[in-house]
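Each chain is listed here by its residues.
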Amino acid sequence: MTRPLLISDCDEVLVHMVRHFGDWLGEAHDIDFTPSSWELGKNMRRRNGGGVPSREEMMGFLDGFFPHEMHRQTLVPHARDALARIAEVADIVILTNLQDQCRSHRVDQLAAFGIAHRVECNQGPKGGPVASLVAEHGNPVTVFIDDLPMHHQSVAEHAPQVHRLHMVSEPALAPGVPPAPAAHARIDHWPEALAWVLDRFAAGHPADGAATIGALQD
């Protein structure tokens, strides 16, 4: 019998990113960063009173952080133990939106935290890659976890049978990110998320495709 499949994002699901990105922006670029939304540019303020960084500058900052500053990132509480429990009953793929040259850095980073699962890099919406992974694994019952609403919408369009869990593990950011409309549930803490994931696998049924937020943890 085909084992269930978990497809999980990494930043703000398995490892913290924005708090460490903000620290680095202050140290390297004299920019104060207050996480309040996923529009990262709106969270940035130059200390010299200059304007908000452009999108091109923001993307440059991200390229500066990944992979050279990834060593700053820390493990989300309970993430390692939750994945270990899920791995007892399901296959796991970590689908992370990084440039392909960062894949080995991500693999090494997660291994240092005791997380050793297949890692795939992606650029852009995740619906297509999720559908491909599901097909590759034999179309099992699948759970997708991500912090960005746009990816839940993309998965809903390309793989509606996948159960979609919205998670934002950064406490400073979570209040500014509404539950993703295309997700089936919003849970920001791994102990509760683990129970939800295992329940989906135990039930053995695909999602019905409709997005109904079923759980919200502040």
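Below is a short write-up of the structure. Small disclaimer: the values here were computed from a predicted structure and weren't measured.

What the protein contains, in helices and strands, is 7 helices and 10 strands. A compact globule built from 218 residues would reach a C-alpha radius of gyration of about 17 Å, and the protein, at 17 Å, matches this within 12%. Expressed along its principal axes, the backbone C-alpha trace of the protein runs to roughly 60 × 35 × 30 Å. For the protein, buried positions account for 50% of its 218 residues. Residue pairs in contact within the protein that sit at least 24 positions apart in sequence constitute 67% of those at least 6 positions apart. Put simply, the protein shows about 9,800 Å² of open surface, and 52% of that area lies on carbon and sulfur atoms. Computing the positive centroid from 17 side-chain charges and the negative centroid from 28, the protein places the two 1 Å apart.

Turning our attention to the environment of P171. Of note, P171 is situated in the loop between β9 (163–166) and β10 (185–186). Accessibility expressed as a relative area gives 55% for P171, which makes it exposed. Considering only alpha carbons, one finds P171 and P35, 136 residues apart in sequence, at a separation of 9.6 Å.

For the largest pocket, the calculated volume is near 850 Å³. Around the largest pocket, the lining is made up of 30 residues, and of these L40, M59, L62, N97 and L148 lie nearest the centre. Elements that contribute at least two residues to the lining of the largest pocket include exactly α2 (55–65) and α6 (149–158). Broken down by element, the lining of the largest pocket gets its largest block of residues, 5 residues, from α2.

We now examine unusual backbone geometry. Along the chain, F66 connects to P67 via a cis peptide bond; the corresponding omega equals 5°. Take P67: it is sitting in the loop between α2 and β5 (74–75). Phi at H78 takes a positive value of approximately 70°, unusual for a residue other than glycine.

What follows deals with the packing of helix α3 (residues 79–87) against helix α7 (residues 190–203). Between α3 and α7, the least distance of the axes is 10 Å, while the angle of their chain directions is 15°. By the angle between their axes, α3 is roughly parallel relative to α7. When you trace α3 past α7, the crossing you get is right-handed. For the pair α3 and α7, the contacting residues are A79, A82, L83, R85 and I86 in the first and W190, L194, V197, L198 and F201 in the second. Its residues placed into classes, the contact of α3 with α7 shows 9 nonpolar, no polar and 1 charged.

Counting residues in hydrophobic clusters, the biggest one holds 31 residues, and the most contacted among them are I86, I145 and W190. Those elements giving two or more residues to this core turn out to be α3, β6 (91–96), β8 (142–146) and α7. Of the residues forming this core, the biggest block, 7 residues, is contributed by α7. When sequence neighbours within four positions are dropped, the list of residues in contact with I86 reads L6, I92, W190, L194, V197, L198 and F201. Formed by 22 residues, the second largest nonpolar core is a distinct cluster that contains V18, C102, V168 and A174.

Here helix α1 (residues 18–29) contains 12 residues, and its C-alpha end-to-end distance of 15 Å stays within 8% of the 16 Å for a straight helix at 1.5 Å per residue. Downstream of α1 by a residue or two, D30 has a phi angle that is positive, lying close to 55°.

Procedures and definitions
- Residues numbered from 1 in each chain as written.
- Predicted model: local features only at pLDDT ≥ 70, side-chain atom pairs only at ≥ 80, totals over all residues.
- Heavy atoms only, no water.
- Helix = DSSP H or I, 4+ residues; strand = E, 2+ residues; numbered from the N terminus.
- Rg over C-alpha atoms; globule rule 2.2 N^0.38 Å.
- Buried < 20%, exposed > 50% of the residue type's maximum accessible area, 1.4 Å probe, protein only.
- Contact = heavy atoms within 4.5 Å.
- Areas by Shrake-Rupley, 256 points an atom, 1.4 Å probe, with all protein chains shown as cover.
- Lys, Arg positive; Asp, Glu negative; His and termini not counted.
- Charge placed at Lys NZ, Arg CZ, Asp CG, Glu CD.
- 1 Å grid on protein atoms, 1.4 Å probe; cavity = no way out; pocket = protein on both sides within 12 Å on 5 of 7 lines; lining within 4 Å.
- Points joined across faces, edges and corners; volume = space filled by probe spheres on them.
- Axes fitted to C-alpha atoms, helices over the stretch in contact; angles between N-to-C directions.
- Parallel < 35°, antiparallel > 145°, perpendicular 65-115°, else oblique.
- Left-handed = near helix turned anticlockwise from the far one by under 90°.
- Nonpolar A, V, L, I, M, F, W, Y, C, P; charged D, E, K, R; others polar.
- Core = buried A, V, L, I, M, F, W, Y, C linked by side-chain atoms within 4.5 Å.
- Expected span 1.5 Å × (residues − 1).

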